[in-house]
Amino acid sequence: MATVRPPPLLPRIVAVSSSRSDPSRAAGQIKRLVLTSEGRTKLNTAPDRDFYAFPRFVTHVDAAFISALTGLYRERLAPGWAVLDLMSSWVSHLPQEVAYERVVGHGLNAQELARNPRLDHFFVKDLNRDQEFQFEDCSFHAVVCAVSVQYLQWPEKVFAEVFRVLKPGGVFIVSFSNRLFYEKAISAWRDGSDYSRVQLVVQYFQSVDGFTQPETVKTVPPKADDYSLLSAMMRSIGLYRTDPFHAVIAYRNFKPDLNRDQKLQFEDCSLHAVVCAVSVQYVQWPEKILCSLSFTTTGLASAIAARPCAL
């Protein structure tokens with residue numbers, strides 16, 4: 001599996017206005033639509049709530065995929081975080097030994113969600129009909145979506161909502177394999193290859209302003225429990241396969257334009273020092289920024305600004 005970095009430290013956030021209510025802030029807004037009208041279509045046009053009305057207490061990927069996903073969560077999700085498990089079911093694949101602040105689950109079948117031992121709360125919503133989450137801005141350190149992104153007909157809107165509820169520095173992990181309910185997957189996914197599906201999810205992230213450059217993780221985990229001669233022969237002719245593991249990961253990386261919004265998003269007295277290197281000459285409202293800094297830094301802290309000088 002690809003080398004991964006440790007999860008980032010997140011700033012402490014206070015009341016943050018929604019980007020949707022402030023048109024001057026582009027972060028979190030949809031820059032472009034990825035899918036065409038045809039690409040959003042499904043073979044089975046019946047409501048998704050009807051399709052998922054009967055609970056399915058099964059795993060939709062094999063043990064090797066689940067192990068890879070749990071390992072990725074272990075590396076990227078820190079203890080004590082608030083996690084939103086999007087399009088979840090009766091199992092979340094989170095590492096059992098890690099304690100989180102809270103895990104909120106979303107899905108289409110209440111019976112499955114009620115059986116999930118990792119969920120502190122859950123809600124049922126059809127994201128193909130209503131993409132808005134009933135959470136405040138910056139509510140979660142992480143959002144995860146496992147083996148379900150292929151069913152989203154308006155992924156751009158869903159990813160924008162994920163951005164809104166993520167804390168600055170928060171991570172969104174989207175994982176998938178090559179399995180699917182064929183009649184319920186969107187056309188753009190059904191007609192694609194493994195490579196094109198990865199690129200499709202990358203474009204979902206890129207369609208929303210403010211996410212970091214998406215990172216992709218790919219591996220085909222071996223079956224560690226079967227080394228028989230028959231299994232080896234079947235693998236050699238392509239009849240014995242494991243589920244390929246794909247994940248696309250990005251972080252909320254909103255850095256506000258201080259010439260449009262001078263309020264810093266930190267609690268009072270949360271910083272010991274503030275520095276500004278070779279950039280102060282571009283500040284249009286230095287008085288407002290210094291006023292904001294007076295509340296953000298401790299009484300003994302200093303603000304240091306440096307700029308290049310013409311010789």
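See above for the structure.
Note that the structure is predicted; figures quoted are calculated from it, not measured.

Parameters at a glance
- Residues numbered from 1 in each chain as written.
- Predicted model: local features only at pLDDT ≥ 70, side-chain atom pairs only at ≥ 80, totals over all residues.
- Heavy atoms only, no water.
- Helix = DSSP H or I, 4+ residues; strand = E, 2+ residues; numbered from the N terminus.
- Buried < 20%, exposed > 50% of the residue type's maximum accessible area, 1.4 Å probe, protein only.
- Contact = heavy atoms within 4.5 Å.
- Areas by Shrake-Rupley, 256 points an atom, 1.4 Å probe, with all protein chains shown as cover.
- Pairing = 2+ DSSP bridges.
- Expected span 1.5 Å × (residues − 1).
- Core = buried A, V, L, I, M, F, W, Y, C linked by side-chain atoms within 4.5 Å.
- Axes fitted to C-alpha atoms, helices over the stretch in contact; angles between N-to-C directions.
- Polar contact = N/O pair within 3.5 Å; in protein donor to acceptor, adjacent residues only side chain to side chain.

Undergrad: Would you explain the overall build of the protein chain in this entry?
TA: For the protein chain, the count of helices and strands is eight helices and nine strands. For the protein chain, with 311 residues in total, the buried portion stands at 48%. In the protein chain, the proportion of contacts linking residues at least 24 apart, taken out of those at least 6 apart, comes to 77%. Accessible surface, the protein chain as shown: approximately 16,300 Å² in total, 56% of it carbon and sulfur.

Undergrad: Just checking my understanding: could you explain the environment of Ala26 for this structure?
TA: Relative to the elements of secondary structure, Ala26 occurs in the segment before α1 (48–51). Distance in space between the C-alpha atoms of Ala26 and Val208 is 9.2 Å, their sequence separation being 182 residues.

Undergrad: Sorry if this is basic, but what is going on with the pairing of strand β7 (residues 245–251) here?
TA: Every regular strand shows the same layout, with side chains that alternate between the two sheet faces. In terms of burial, β7 is a largely internal element, seven of the seven residues being buried. Both faces of β7 are covered, namely the face carrying Phe245, Ala247, Ile249 and Tyr251 and the face carrying His246, Val248 and Ala250. Of the strand pairs in this sheet, strand β5 (residues 166–176) and β7 are connected by six bridges, and their pairing is antiparallel. In the strand pairing of β7, Phe176 is matched with His246.

Undergrad: What exactly am I supposed to notice about helix α6 (residues 194–206) here?
TA: An α-helix turns once every 3.6 residues. As a result, residues three or four positions apart point the same way. For α6, which comprises 13 residues, the first-to-last C-alpha distance of 19 Å matches the rise-based estimate of 18 Å (1.5 Å per residue) to within 8%. The set of residues buried in α6 consists of Arg197, Val198, Leu200, Val201, Val202, Tyr204 and Phe205. Turning to α6, the residues buried within the fold contact α4 (155–165), β5, α5 (187–190), β6 (215–219) and β7.

Undergrad: Explanation requested: the environment of Cys138 in the structure shown.
TA: Within the secondary structure layout, Cys138 lies in the loop between β3 (121–124) and β4 (140–146). A relative accessible area of 7% means that Cys138 is categorised as buried.

Undergrad: Is there a simple way to explain the nonpolar core in this structure?
TA: Nonpolar side chains in soluble globular proteins tend to end up buried together. Residues Leu86, Phe159, Phe172 and Val201 are the most contacted members of the largest nonpolar core, which totals 43 residues. Of all hydrophobic cores here, the second largest spans 28 residues; its members include Phe65, Leu69, Leu77 and Val144.

Undergrad: Explanation requested: helix α2 (residues 63–76) in the structure shown.
TA: Taking 1.5 Å as the rise per residue, α2 with 14 residues should run 20 Å; its terminal C-alpha atoms sit 20 Å apart, in good agreement. Of all 14 residues that make up α2, 10 are buried, and the element is covered over most of its length. Those residues of α2 not exposed but buried are Ala64, Phe65, Ile66, Ala68, Leu69, Thr70, Gly71, Leu72, Tyr73 and Arg76. On its buried face, α2 sits against β4, β5, β6 and β7.

Undergrad: What is the right way to look at the sheet that holds β6 in this model?
TA: The strands that make up a sheet pair up through hydrogen bonds in the backbone, lying either parallel or antiparallel. Judged by pairing direction, the sheet is mixed, and its seven strands sit side by side in the order β3-β2-β1-β4-β5-β7-β6 without closing on themselves. In the strand order of this sheet, the two ends are held by β3 and β6, each with one partner. Strand-to-strand twist across the sheet, computed as the mean angle between neighbouring axes with direction ignored, equals 15°. Strand direction decides the pairing type here: strand β1 (residues 82–86) and β4, joined by four bridges, are parallel. Looking at the pairing, Leu84 lines up with Val143 of β4. The sheet strands contacting α2 are β4, β5, β6 and β7, and the helix crosses β7 at an angle near 20°. Against the sheet, α6 engages β5, β6 and β7, with an angle of about 15° to β7.

Undergrad: Would you mind going over the side chain of Lys42 with me for this structure?
TA: Within the fold, Lys42 resides in the segment before α1. Polar side-chain contacts of Lys42 include one of 2.9 Å to the backbone oxygen of Tyr151. Apart from the residues lying within four places of it in its own chain, the contact partners of Lys42 are Asp48, Asn128, Tyr151, Gln153, Glu183, Lys184, Ala185, Ile186 and Arg190.

Undergrad: I'm lost on the environment of Val124 in this one. Help?
TA: With respect to the helices and strands, the residue Val124 is situated in strand β3. Taking the C-alpha atoms as reference, Val124 lies 9.9 Å from Ser88; in sequence the two are 36 residues apart. Those residues in contact with Val124 that sit more than four places away from it in its chain are Arg49, Gly107, Leu108, Ala110 and Leu113.

Undergrad: Please explain the side chain of Asn128 as it appears in this structure.
TA: With respect to the helices and strands, the residue Asn128 is situated in the loop between β3 and β4. Reaching out from Asn128, the side chain makes a polar contact with the side chain of Asp48 at a distance of 2.6 Å. Among the polar contacts listed, one links the side chain of Asn128 to the backbone nitrogen of Gln153, at a separation of 2.7 Å.

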